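Listed below, chain by chain, are the residues.
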Amino acid sequence: MEYELEESAAARLPANLATNASALKVVLPSRSIGAEISNVDIRTISDGDVLTIKRQLYEHKLVVIRGQFPSEEDYIAFARRFGTPQIYLQPNYHHPEHKEIFVSSNEQYQGRKIGVRGTGRYWHTDYSFMPEPLPLTMLRAKTLPRGVRETYYIDTTRVLEQLPDDLRALVTDRFGIHEGKYRYKVQASDIDASLAELLEMAIGLAPPVRHPCIIEHPVSGKRCLYVNRGFTTGLEGLSAEESARVLNRIFELSERAEHIHTHSWQDGDILLWDNRYLLHRAGAVAPGETSTTYRIGIYDGLPFYVGLLPSKSQPVLVETNVVHYPVGALEVSP
Ligand SMILES: [Fe+2]
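Analysis parameters
Residues numbered from 1 in each chain as written. Predicted model: local features only at pLDDT ≥ 70, side-chain atom pairs only at ≥ 80, totals over all residues. Helix = DSSP H or I, 4+ residues; strand = E, 2+ residues; numbered from the N terminus. Contact = placed C-beta atoms within 7 Å. Pairing = 2+ DSSP bridges. Axes fitted to C-alpha atoms, helices over the stretch in contact; angles between N-to-C directions. Expected span 1.5 Å × (residues − 1). Buried ≥ 20, exposed ≤ 12 C-beta atoms within 10 Å, placed from the backbone. Right-handed = clockwise from strand over helix to strand, strands pointing away. pLDDT = per-residue confidence, 0-100. Core = buried A, V, L, I, M, F, W, Y, C linked by C-beta atoms within 7 Å. Arc of directions from axis to C-beta.

On to the overall build of the protein. The secondary structure content of the protein amounts to seven helices and 19 strands. Here the analysis covers contacts within the protein between residues at least 6 apart in sequence; of these, 76% occur between residues at least 24 apart.

Below, the structure is given as structure tokens:
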């Protein structure tokens, strides 16, 4: 992918922040996603540089921060600059000493299994199966395989723009049903449970939720197509057969090669993306290779979509005049 160098990242900042000397470099994407950040150390990063990254994130949907090798503590502290780190609902994914870190790994840690292997190898957006989905995902590779390691993205705003009229009409003002039950990872404690019992337990863990098929971004106001192959199991108001037919058409269109952005991992990369805009999928790890990634989910303090109230308990949909959050409101880290 080719990039174009931004002439002055400082020119995009408020005057009081633009005067602070900063070596941070931003390379803008040639397509719609993926700003690249370098010349910064996340352990000592200034508020002004964090704001620059937030602006790039909400505008370009994915940012890649190069050359970072933080401790677990420093990594979590950096995530806190963007919001509140999530504690994932299933403890078997947690790092044994830092529960904010969701571990995907086929390695051992201090002689024991750590996290879960082979996560997220299907198109999805994180936590869409929950009442309040996860706005931001931060990811770094603790161990990269020697061969290729890739993560793939689809910009759902672009897909929505290209949706044929009949499909657009079918998803406009319609809700999708999202469930995580088919992606439940069996663990050691599940031994002797039947498939029916496991399914029942997975449904109890995260009952089905509904989200609009088209959501509006709380910062940019852009509209995103919010259905995904991993977790969207139906469309309200349509029969099961019609839902499957419509969703499959959407997924096939979304997943065409021209929509896919590939990130090829380099040692020291930290990725940060906005789940409102993007579908993602993890690439495979070749047999015999080792891989460990550390993910931190982040609640950025904004509604996941316009009309959804952020809440620690039960989010509710409300009728609202559309008021988008100005980027200037994002300056304060919690
Ligand atoms: Fe994911």
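Taken together, the three strands give an open sheet; going across it, the order is 16-10-18, and neighbouring strands pair in antiparallel fashion. Edge positions in the sheet fall to strand 16 (260-264) and strand 18 (278-282), since each has one partner strand and no second. Adjacent strand axes in the sheet meet at a mean angle of 25°, parallel and antiparallel pairs treated alike. Pairing geometry for strand 10 (residues 150-155) and strand 18, over five bridges, is antiparallel. Each residue of the ladder has a partner; that of tyrosine 152, found in strand 18, is arginine 281.

Attention now moves to helix 7 (residues 240-254). Helical geometry note: an α-helix holds 3.6 residues per turn, so side chains three or four residues apart project in the same direction. End to end, helix 7 covers 21 Å across 15 residues, agreeing with the expected 21 Å (1.5 Å per residue, within 8%). Buried residues in helix 7 make contact with strand 10, helix 4 (156-161), helix 5 (165-171), strand 15 (232-235) and strand 18.

Moving on: the pairing of strand 4 (residues 62-65). Of the two faces of strand 4, the one carrying Leu62 and Val64 and the one carrying Val63 and Ile65 are both buried. As paired strands, strand 3 (residues 35-38) and strand 4 are joined by three bridges and run parallel to one another. Each bridged residue has a counterpart across the sheet, and for isoleucine 37 the counterpart in strand 4 is isoleucine 65. Viewed along the sheet, the connection from strand 3 through helix 2 (residues 47-60) into strand 4 turns out right-handed. Summarising the sheet, strand 4 and strand 17 (residues 270-274) pair through four bridges and their orientation is antiparallel. When the sheet's bridge partners are listed, valine 64 is paired in strand 17 with leucine 271.

The predicted model of the protein has a mean per-residue pLDDT of 86, with 86% of residues at 70 or higher. Confidence drops under pLDDT 50 across residues 1-19; counting only partners more than four residues distant or on other chains, this segment forms 27 contacts. A low-confidence stretch, residues 312-323 (pLDDT under 50), is modelled with 15 contacts involving residues beyond four sequence positions or located in other chains.

On to the environment of threonine 157, then. Relative to the helices and strands, threonine 157 is located in helix 4. Taking the C-beta count within 10 Å as the criterion, threonine 157 has 19 such neighbours and is therefore assigned partly exposed. Residues threonine 157 and lysine 222, spaced 65 residues apart in sequence, show a C-alpha to C-alpha distance of 7.1 Å. Not counting residues within four places of it along the chain, the set of residues in contact with threonine 157 comprises Lys222, Arg223, Cys224 and Tyr277.

This next bit is on unusual backbone geometry. Non-glycine residue glutamine 110 carries a positive phi angle of around 50°. Of note, glutamine 110 is situated in the loop between strand 7 (108-109) and strand 8 (112-113). For aspartate 173, which is not glycine, the phi dihedral falls at a positive 60°. Secondary-structure assignment places aspartate 173 in the loop between helix 5 and strand 11 (175-178).

Right, let's get into the nonpolar core. Ile37, Leu62, Val63, Met138, Leu225, Leu272 and Leu278 are the most contacted members of the largest nonpolar core, which has 61 residues in total. In this structure, valine 63 is in contact with Ala35, Ile37, Ile53, Gln56, Leu57 and Leu272, ignoring residues within four places of it in sequence. Among the nonpolar cores identified, the runner-up in size contains six residues, and Phe129, Leu134, Val209 and Phe231 belong to it.

Bringing helix 3 (residues 72-80) into the picture now. When we look at burial in helix 3, the residues that qualify are Tyr75, Phe78 and Ala79. One face of helix 3 carries all of its buried residues, which in axial projection span an arc of 100°. Tucked into the core, helix 3 has its buried residues touching strand 5 (84-85), strand 9 (136-143) and strand 19 (292-299).

For lysine 185, the location among the structural elements is in the loop between strand 11 and helix 6 (195-205). Of the residues examined, lysine 185 has 13 C-beta atoms within 10 Å and is grouped as partly exposed. Counting along the chain gives 69 residues from lysine 185 to valine 116, while the straight-line C-alpha distance between them is 8.0 Å.

Whether parallel or antiparallel, the strands of a sheet pair through hydrogen bonds between backbone atoms. Read from one edge to the other, the open sheet built from three strands follows the order 12-11-15, with strand pairing classed as antiparallel. Sheet topology places strand 12 (209-212) and strand 15 at the edges, where each strand pairs with a single neighbour. Ignoring which end each strand starts from, the neighbouring axes of this sheet average 35° apart. Here three bridges tie strand 11 to strand 15, and the two strands are oriented antiparallel to one another. Bridging across to strand 15, histidine 178 finds its partner in threonine 232.

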